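Residue-level structure breakdown
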Amino acid sequence: MSATTSDGPPRPLAVGDVVVGPNDLLSEWVAAQITDIDPDWKTVGVLEFDWSGPEPLTTDDLGAVAPLRLTHHSWKGRLSHANCDWVLPRSYRVLGRLPLVHNQSSNSYTSRWRLGDQLARQRAWDRGDHDWQDPGALELSPADLEQALNDGASVQNAVSSLK
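Residues numbered from 1 in each chain as written. Predicted model: local features only at pLDDT ≥ 70, side-chain atom pairs only at ≥ 80, totals over all residues. Heavy atoms only, no water.

With that settled, the discussion passes to the nonpolar core. Nonpolar side chains tend to gather and get buried jointly when the protein is soluble and globular. In terms of nonpolar packing, the biggest core is built from 18 residues, with Val19, Ile34, Val44, Val46, Trp113 and Leu115 touching the most fellow members. Listed by contribution, the elements that provide at least two residues to this core are strand 2 (28-38), strand 3 (43-53) and helix 1 (117-126). For this core, the leading source of residues is strand 2, giving 3 residues. Ignoring anything within four residues of it in the chain, the contact list for valine 44 reads Leu13, Ile34, Asp36, Ile37, Ala82, Asn83, Cys84, Asp85, Trp86 and Trp113. (Core = buried A, V, L, I, M, F, W, Y, C linked by side-chain atoms within 4.5 Å. Buried < 20%, exposed > 50% of the residue type's maximum accessible area, 1.4 Å probe, protein only. Helix = DSSP H or I, 4+ residues; strand = E, 2+ residues; numbered from the N terminus. Contact = heavy atoms within 4.5 Å.)

Turning our attention to helix 1. Every buried residue of helix 1 is accounted for by Asp117, Gln118, Leu119, Ala120, Gln122 and Ala124. Tucked inside the fold, the buried residues of helix 1 contact strand 1 (17-23), strand 2, strand 3 and strand 4 (69-70). Backbone geometry just after helix 1 places glycine 128 at a positive phi near 95°.

Now for the pattern of salt bridges. Two side chains carrying opposite charge are able to pair once their charged atoms lie near each other. For the coordinates displayed, the defined rule picks out 4 salt bridges. Between arginine 123 and glutamate 28 there is a salt bridge, with its nearest N and O atoms 3.7 Å apart. Linking arginine 123 in helix 1 with glutamate 28 in strand 2, this pair joins segments that are 95 residues apart in sequence. On the basis of relative accessibility, which here comes to 28%, the residue arginine 123 falls in the partly exposed class. Note on glutamate 28: relative accessible area 29%, which makes it partly exposed. With its nearest N and O atoms 2.8 Å apart, the salt bridge here joins arginine 114 to aspartate 117. Relative accessible area serves as the criterion here: at 28%, arginine 114 is assigned to the partly exposed category. What makes aspartate 117 buried here is its relative accessible area of 11%. (Salt bridge = Lys/Arg side-chain N within 4 Å of Asp/Glu carboxyl O.)

Structure (structure tokens):
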């Protein structure tokens, strides 16, 4: 008999939980808050904070938290708020719980947790780097991709888009 149930995520999450994790683009830790939980879709609303820094030990280490408001490209001041799968990635942890910073649900969905990636893009935009590219991005022509796969290159699940 399984020790898990279908009532909630494998690692318990609650509305108001502050989740933290490392972000490779920023080389710092980032934070977000769980805004809602949808057991039917097995998703959680994740509102990113406009914060990064050394690994926090308590929510006090975050200072006065504020939601990340996106103005880069065509975001027009929208919050970085999306529904994610309710399985918390292993590199992330619950830091504690705070009163909700934003109490509305998100209409956006994402296929995976990517805390801090929008913060990295926003910071690049704010410093005037409007052509910023993810340093881990790799662009291949269709022929180069086919050749790489034929040569036995490993396929990773980190492919975010193909052109």
